[in-house]
Amino acid sequence: MTVPPTIDEFAMANNVIHDLNTYAHEPCSFIWAWETLKAARGQSVDFDRIGPPAYLIKDNTPKAETSELATALASHSPSIIAACARRMNQMGAK
């Protein structure tokens, strides 16, 4: 993200980061929120240098990325989509 996020994007990113119960099974949402908050600080994210998650929380309940935010991310930045796919692969998500 090369431009600073809008106030609404910043607020939504904060909501994602602080609402783990809702977004825990949506890695794309976390990736988008992290990139948005970094952009707000004037920093960039190099998704190719990010390693696998340091820890994984296993939950046997099947969850689908059907939230409004996850749906909106489907047409977002190609770098976010690629990072999301890699992260979900690392987590063993289907």
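In the block above lies the structure referred to throughout.
This report concerns the structure included in the present document. Nothing here was measured: the structure is a model prediction, and the numbers come from that model.

**Structural notes on the overall build of the protein chain**
Summing up its helical and strand segments, the protein chain has five helices and zero strands in all. With 94 residues in all, the protein chain has 28% of them scored as buried. Of the roughly 6,600 Å² of accessible surface on the protein chain, 55% is carried by carbon and sulfur atoms.

**Quick look at the nonpolar core**
Note that soluble globular proteins tend to have their nonpolar side chains buried in a common cluster. Counting 14 residues, the largest nonpolar core has Ile 31, Trp 32 and Phe 47 as the members making the most contacts within it. Apart from the residues within four sequence positions on either side, Phe 47 is in contact with Ile 31, Glu 35, Ser 79, Ile 80, Ala 83 and Arg 86.

**Looking at helix H3 (residues 27-40)**
Every α-helix winds through 3.6 residues per turn, so residues three or four apart in the chain are directed the same way. Helix length check: H3, at 14 residues, gives a terminal C-alpha distance of 20 Å against a target of 20 Å (1.5 Å per residue), a fit within 8%. Taken across its 14 residues, H3 has 10 buried, putting it largely inside the fold. Restricting attention to buried positions, one finds in H3 the residues Pro 27, Cys 28, Ser 29, Ile 31, Trp 32, Ala 33, Glu 35, Thr 36, Leu 37 and Ala 39. Just downstream of H3 lies Gly 42, where phi reads positive at about 80°.

What counts as what
- Residues numbered from 1 in each chain as written.
- Predicted model: local features only at pLDDT ≥ 70, side-chain atom pairs only at ≥ 80, totals over all residues.
- Heavy atoms only, no water.
- Helix = DSSP H or I, 4+ residues; strand = E, 2+ residues; numbered from the N terminus.
- Buried < 20%, exposed > 50% of the residue type's maximum accessible area, 1.4 Å probe, protein only.
- Areas by Shrake-Rupley, 256 points an atom, 1.4 Å probe, with all protein chains shown as cover.
- Core = buried A, V, L, I, M, F, W, Y, C linked by side-chain atoms within 4.5 Å.
- Contact = heavy atoms within 4.5 Å.
- Expected span 1.5 Å × (residues − 1).

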